[in-house]
Amino acid sequence: QVQLVESGGGLVQAGGSLRLSCAASGRTFSRSAMAWFRQAPGKERKFVANINWSGNTTIYADAAKGRFTISRDNAKNMVYLQMNNLKPEDTAVYSCTGSGSWGQGTQVTVSS
């Protein structure tokens with residue numbers, strides 16, 4: 001089983017950028033697809049982006065296309081989410097998931 005710990009969230013103004021990181025432990029990480037989800041206050045959790053085990057295939061939600069980039073470094077057991085041109089509607093708790101596990105999430109707040 002993989003254990004996941006996110007970091008990199010914070011408060012940023014609209015138009016700014018943040019890079020989220022997800023540190024994974026466990027031997028199955030490099031063979032697992034990984035994904036980022038987010039949950040805004042009072043709303044259901046929604047898919048943001050997915051990356052396959054090798055990193056050469058990515059999928060994005062429409063809201064993330066053109067602004068967010070998911071990547072991974074299997075040598076470091078890390079997954080990243082680079083978020084540019086952030087909008088107030090991106091405010092949410094962002095969680096990474098993979099191999100049946102979820103992290104605790106990191107808060108992203110975008111002020112207008």
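Above this note sits the structure.
Residues numbered from 1 in each chain as written. Predicted model: local features only at pLDDT ≥ 70, side-chain atom pairs only at ≥ 80, totals over all residues. Heavy atoms only, no water.

Asks: Outline the nonpolar core, supporting the account with residue identities and numerical values.
Replies: The biggest cluster of nonpolar side chains holds 26 residues, and the ones touching the most others in it are Trp36, Val48, Phe68, Ile70, Leu81, Met83 and Tyr94. Among the elements of the structure, strand E3 (18-25), strand E4 (34-39), strand E5 (46-51), strand E7 (68-73), strand E8 (78-83), strand E9 (92-98) and strand E11 (106-111) are those that each provide at least two residues to this core. A total of 4 residues in this core trace back to one element, the largest contributor, which is E3. (Core = buried A, V, L, I, M, F, W, Y, C linked by side-chain atoms within 4.5 Å. Buried < 20%, exposed > 50% of the residue type's maximum accessible area, 1.4 Å probe, protein only. Helix = DSSP H or I, 4+ residues; strand = E, 2+ residues; numbered from the N terminus.)

Asks: Please provide a residue-by-residue account of the pairing of E3, values included.
Replies: Judged from the 5 bridges that link them, strand E1 (residues 3-7) and E3 form a sheet pairing that is antiparallel. Residue pairing for E3: leucine 4 is matched across the bridge by alanine 24. Both E3 and E8 contribute to a ladder of 6 bridges, which runs antiparallel. Following the sheet pairing, leucine 20 is matched in E8 by leucine 81. (Pairing = 2+ DSSP bridges.)

Asks: Give a description of the pairing of E4 that names residues and reports values.
Replies: The side chains of a regular strand alternate between the sheet's two faces. Where E4 lies against E5, 5 bridges are found, and the strand directions are antiparallel. Within E5, the position partnered with arginine 38 by the bridge is lysine 46. Counting the residues that bridge the hairpin from E4 to E5 gives 6 residues, and of these glycine 42 lies at a positive phi of roughly 75°. The pairing of E4 with E9 spans 6 bridges and is antiparallel. The residue of E9 that forms the bridge with phenylalanine 37 is serine 95.

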